Each structure stands twice: as C-alpha cells, then as structure tokens.
Amino acid sequence: MLSSKKRSRGFTLIELLVVIAIIAVLIALLLPAVQQAREAARRSQCKNNLKQIGLGLHNYHETYNRFPLPGLFTIGSGAGVGGLVSTSNWTVAILPYIDQAPVFNIYNSNLSAYDPANVAAVQAIIPGMICPSTPRASNAVNVTVPAPMAAAIGVSAALTLTNAGAQDYTPTTAVDENFLNIVNNTTGSVDGDGWATGGVISLTGTSPTIPNGGRLADITDGTSNTMMIGELSGRNQLYYRGNKLVASATAAGVMPSDEAGWQLAIGGGAWADPFNGVMELAGRATDGTGNNGPCAINCSNSRARFGRLEEGAGLYSWHTGGAHGLLGDGSVRFLSENISGKTLASLITRSGGEVVGEF
Amino acid sequence: MARCLTWCVVFSVCFLAGCGKPAPLLPDREVTKPVSGVLHVDGSPAAGVEVAFHPQDANAKIKYKITTTTDNDGKFSATTYESGDGLPAGEYKVTFAWLEGLTTQKDRLKGKFKNPKKSEHSVSVKGTEGEKVDLGTIELKTK
C-alpha cells in the first residue's frame, strides 16, 4: 500500500525524457514557421509597394492621358554632364502620386539624375521602391558608368550616382526575340513590345529613338493580361540564383570586363537611374549564366546582358518560388518560377494578341 | 515506456521525411553532351564573340538557335539549359558574330560568318554515353 502510494508521486526519468522530446519536436516544428511568418510579412509589404506603384501609374495616366515614359535620355551638346541634358524615368514621374512630392519638388527635371544639382533628391531613400525581402548592406547604391560606356550612348563624360536611393522594381518593357524563339521552340521571332518603351531625344540630330506605347489604349491585349512592373531585386549587385558575383577589378575609366561590372554600371539599381527604364526580357540558363535561355524568374537579376544595353534576365526576387508582377489593371500577381515562358512573354507584350490563359 | 519512446522516434522520423530537395527547374530537359572549342580571329583569341548553334535536323526537339559567348581566352562551351551543359544530339551549323558598341551592333567580322546557310562550320552530336565534342581551335579570317 505504502509503496504504491510512493510510486504514484513524481515522474520517472523516461517519462520526463519523453515529455522533453515531444516539446523539442514541437519547437523544432514551430521555429521555421516563425521565420516563414517574418518572410511572409516582408513579402506582403513588397507586394503592397507594387500595388502603390500601380496606383501611382494610373493616377499619372489620369493626369496626362498616358503612362510615364519608362526611361528617357535627352542628349545634346555642351549643357549637362558630358552633354547629357536631362534624364527621366517612370519612378521620377510617379513620385507625386506615391506620396513623395517633397522629393519630386527638389528633383530638377531639366537636369539629369547624374547632375550635381540633383544629388540631394537622388539620395532620398524611398521605402516604396524597396522590397524588404532583399538583403542589402545599405539602401544607398553607387553607380559609375565609365566614359567609354557613356560614349556609346552619346555622352562624353563618365556618369556617377553616389549613395543613391535603391530600387527593386523594373518596368517590363520588351521581350527579346531569342527568348520568344526559345519558349515557342521556333526561329525567326521578332522582339515583342511591352506596355511602353522609353526613348533617347537627341538634340544634336543623331538617331533619336522614338518612344512608343504608353497609353491605356495601346494595351490591346487588355490591361489584366499585360505586365507593367516586376521585381528585379538586389541591383546594382549581380546575383545568380542567390549567389552574389563580384566584379573583377578594372582601372577607372575602362569598360567593365564581366557581367557583374556591367551590372554595377547600368544595372539601374537606383530609382533615379534612367537605365532602370528598360528591361527587355531575354531569359538566362537555369544557373543564371548565358546570353539567353529558358529561365526568366529568379535565375539572375541582370538588367542588361554583358556587352549590351538591354537583354535582361527577367524577374528576380528573394521570395521562395517566384516573384511579383504588377499588371496593367493594378493587380499584383505572384508569378511562380515554374510559369511557362510562353505565358510570361504573353504577359509582357501589350499587343501580341496571345491568349494568356491561367497563371 | 520503451515502446512509447520508440513511437516518438518513429513519429519524428515521419515528420522529417517531408524535408528534401525541391524539384529542379525544367524537369523535362533533353539529354545534352558538352561541346566546346576555342575561337581565334586572324590568329589571336577573340573575346565576346557570339557563337550560335543552329539545329539542322528537320525533326530536332530543339528548333531555336543555341547561343554562347567566348570568354577572354576565346574559349566557348555550348549552353542549352545550364552553363556548359552542351547540345542535344543532332547536326548543327555554327555561326559567329562579333558585335561591337552597345547600340550600333556592328559586326566586327563584317557579317561573313553570320549566315547559317553559308556557314562552313558545323558540329555533330551523336548523343552517345560520355560523349564530349571538342571543336579544337576554330580560325576565322576577316581579311
């Protein structure tokens, strides 16, 4: 009697161990969930930023009867840095519509973003242009376009941005013919136009490029079937599937010798950077390398292929399994990295006449 | 009690069994065999030349041209899905374009090696086990 009473009090070592083991298992199950909840919160904010950008673009359209030019260079002679009279891009244009009027007011649109007079405006960090999921040492990015690269676009001096506010979103302005060849398994495709293209105004009279598109009426595929802005995070650093690439050192004033150096110069990682006005989707190999290839989401964040001004990799984000895209109707969709390239290309073209289907 | 412990272990193993590698991108790939070579233009290695492989078989699974670019030593290796993975079995015509300038896109080879119909360079991939195609050094003369 006495011994059985004694036995019922307290727990044996095995019982305690079992309880501890169960608690350990539960904690082990829960801890990753906490991290996922944090990433989910960041992803929501990232998505909301895109939604606000969409509203800003539509408000701009209400005012001017067209969407902003994604990117614009006005090149003349004499005035401005190396003859670059002024620059603009879609971010600058929508600043007043995304509650950034103070920045817009100190940004002198008659000058280029690289002009010393615009330093204070360009250095403003706009949280609405930054995806919180993107790992960055600092939200201030430095850009240097060496003189020989600037010369290729008709500017006679190196262009620099110092501690410029970062930018994680890019307009999807075109689809490269090679990407269309790959996704349609064919030859002889032609480049597909996105919702709008920017332009180069040449005051010296040499080969200006004329902007096209940009009005809601130009989007004949329907705004809910046409992508406007997507994530291209982590610029001006170059990433291949989450791995950062380091540019090999080159002497000042010399063309970069690899794609990472190229990205540092014209990756368009600052919101004021006019190079952020062009993203022609060309795709990459599944490890992020190559000229073009079947992978368009989360393989590389290259905005321009090494040696070119255009032919970017596609969309890139730190979200698991895909990236966000803003459609012309203002909705934001999470695009899976397994999305058919054909569907993605159809989404980017504004008047391709494709049936997009479910995505 | 020992039985209870066993069950605990079994349960935890079941939970952990779900953790594994995610599925690879593009699961239905063609089998490719590495194809590489070195490109010299007028006797010296040429960097930044775009090398394109144009499939010639009428019933080839991949119909688009597969491109790669030469590195600083003039070396290139064909890339279909992943860096240097090569080409699926078949006959290919090889073309070369050495574009200069960011916007002008002028061909430093004067367009001489650009047309797949006129190309004298070709490669044949048989698709046999362990096959590696080495094109050796390809010499192009612009003069």
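For the structure, check the block above.
Keep in mind that this is a model prediction, so the values were computed, not measured.

Cut-offs applied
Per chain, residues are indexed from 1 in the order of the written sequence. Each chain is given a letter, starting from A, and each ligand a number, starting from 1, according to the order in which they appear as written. The predicted origin of the model limits local features to residues at a pLDDT of at least 70 and limits the giving and counting of side-chain atom pairs to 80 or more, whereas totals for whole chains, interfaces and linings rest on all residues. Think of the side-chain values as coming from all heavy atoms in the structure, minus any hydrogens and water. A run of H or I in DSSP counts as a helix once it spans at least four residues, and a run of E counts as a strand once it spans at least two, with each numbered from the N terminus. Here's how the labels work: a residue is buried when its accessible area is under 20% of the maximum for its type, exposed when over 50%, partly exposed in between, all with a 1.4 Å probe on protein chains only. Any pair of residues with heavy atoms lying within 4.5 Å of one another is described as a contacting pair. Paired strands, in this sense, are two strands between which DSSP finds at least two bridges. Where helices are involved, their axes are fitted lines through C-alpha atoms of the stretch in contact, as for all axes, and angles between N-to-C directions lie from 0 to 180°. A pair of sulfur atoms, both from cysteines and within 2.5 Å, is called a disulfide here. The salt bridge definition used is simple: a Lys or Arg side-chain nitrogen within 4 Å of an Asp or Glu carboxyl oxygen. In protein, a polar contact requires one atom able to donate a hydrogen and another able to accept it; more generally it is a pair of N or O atoms within 3.5 Å, and residues adjacent in sequence count only if both atoms are side-chain atoms. Side-chain classes are defined by residue name, with Ala, Val, Leu, Ile, Met, Phe, Trp, Tyr, Cys and Pro counting as nonpolar, Asp, Glu, Lys and Arg as charged, and the others, Gly among them, as polar. Space inside and on the surface of the protein is sampled on a 1 Å grid over the protein atoms alone, with a cavity defined as a set of points where a 1.4 Å probe fits but cannot get out and a pocket as an open set with protein on both sides within 12 Å along at least 5 of 7 lines; lining residues have an atom within 4 Å of a point. Grid points are joined across faces, edges and corners, and a volume is the space filled by probe spheres set on the points. Patch definition: residues with relative accessible area over 30% and no salt bridge; like charges joined within 9 Å; nonpolar side chains (Val, Leu, Ile, Met, Phe, Trp, Tyr) joined within 5 Å. For the accessible areas, the method is Shrake-Rupley and the probe is 1.4 Å, while residue cover comes only from the protein chains on display. Oblique is the label for any angle not under 35 degrees, not over 145, and not in the 65 to 115 range, which are roughly parallel, roughly antiparallel and roughly perpendicular in turn. Two helices crossing with the near one rotated counterclockwise from the far one by less than a right angle form a left-handed crossing, whereas a clockwise rotation gives a right-handed crossing.

A separate point is the overall build of chain B. Per the secondary structure count, chain B includes one helix and 12 strands. Counting from the amino terminus, helix and strand elements in chain B follow one another as α-β-β-β-β-β-β-β-β-β-β-β-β. Scored against the burial criterion, the 143 residues of chain B give a buried share of 38%. Look at the contacts in chain B between residues 6 or more apart in sequence, and 64% of them connect residues 24 or more apart.

Residues and elements named next belong to chain A. Reading across from one edge, β2-β1-β8 is the order of the three strands in this open sheet, with mixed pairing throughout. Looking at which strands have only one partner, the edges of the open sheet turn out to be β2 (84-89) and β8 (199-202). For this sheet, the mean inter-axis angle between neighbouring strands, taken without regard to orientation, is 10 degrees. With five bridges connecting them, strand β1 (residues 71-75) and β2 associate as antiparallel partners. In the strand pairing of β2, T74 is matched with S86.

Quick look at the environment of P34(B) now. All names here are of chain B. Checked against the element boundaries, P34 lands in the loop between β1 (32-33) and β2 (35-41). Looking at P34, the relative accessible area reads 30%, which means it is partly exposed. The spacing of P34 and D134 is 100 residues in sequence and 8.3 Å in space, taken between C-alpha atoms. Beyond its immediate stretch of four places on either side in the chain, P34 contacts G84, D85, G86, E131, K132 and V133.

Moving on, we get to the state of the cysteines. All names here are of chain A. Under the definition given, this model contains two disulfides over all chains. Across the disulfide from C46 sits C131; the S-S distance is 2.1 Å. Here C46 and C131 share a disulfide; its torsion about the S-S bond, -120 degrees, makes the bridge left-handed. Of this pair, C46 sits in helix α2 (residues 13-64) while C131 sits in the loop between α5 (119-122) and β3 (140-145), and the two are 85 residues apart along the sequence. Each of the two residues, C46 as well as C131, counts as buried. Disulfide connectivity for chain A, with bonded cysteines indexed by sequence position, reads 1-2, 3-4.

Contact residues are listed per partner, giving 32 residues for chain A and 28 residues for chain B. On inspection of chain A and its partner chain B, the count reaches two salt bridges. Summed over the shared surface of chain A and chain B, the result is 11 residue pairs in polar contact (both at pLDDT 80 or more). When residues of the side of chain A that touches chain B are traced back to their parent elements, those giving at least two are α2, α6 (147-152) and α7 (177-184) of chain A. Of the residues forming the side of chain A that touches chain B, the biggest block, six residues, is contributed by α2(A). Classifying every residue of the side of chain A that touches chain B gives 15 nonpolar, 11 polar and six charged.

Residue and element names in this part refer to chain A. One open sheet holds the four strands; their spatial order is β5-β9-β13-β14, and the pairing between them is antiparallel. Both edges of this open sheet fall to β5 (169-171) and β14 (332-336), since each of them pairs with a single strand only. Each strand of the sheet is rotated relative to its neighbour by a mean of 30 degrees, with strand direction disregarded. Bridge count between strand β13 (residues 322-327) and β14: five bridges; the pairing is antiparallel. Looking across to β14, one finds that H324 is bridged to F334. Running at roughly 20 degrees to β13, α2 makes contact with β5, β9 (227-231), β13 and β14 of the sheet.

A few words on empty space enclosed by the protein. Applying the stated criterion across every chain, the model contains one cavity of 30 Å³ or more. A volume near 50 Å³ is recorded for the largest cavity. Within the lining of the largest cavity, the residues separate by chemical class into four nonpolar, five polar and one charged.

All names here are of chain A. Together, V19, I23, I27, L30, L31 and V34 line one region of the surface with nonpolar side chains, adding up to about 550 Å² of accessible area. Among the structural elements, I23 can be located in helix α2. For I23, a relative accessible area of 45% translates into the label partly exposed.

Moving on: the packing of α7(A) against helix α9 (residues 341-348) of chain A. Residues and elements named next belong to chain A. Their axes nearest at 8 Å, the elements α7 and α9 cross at an angle of 140 degrees. On the basis of the axis angle, α7 is oblique to α9. In this structure, the crossing between α7 and α9 has a hand that is left-handed. Residues F179, L180, V183 and N184 of α7 pack against G341, K342 and A345 of α9.

Limitation: the analysis is restricted to geometry and does not speak to function.
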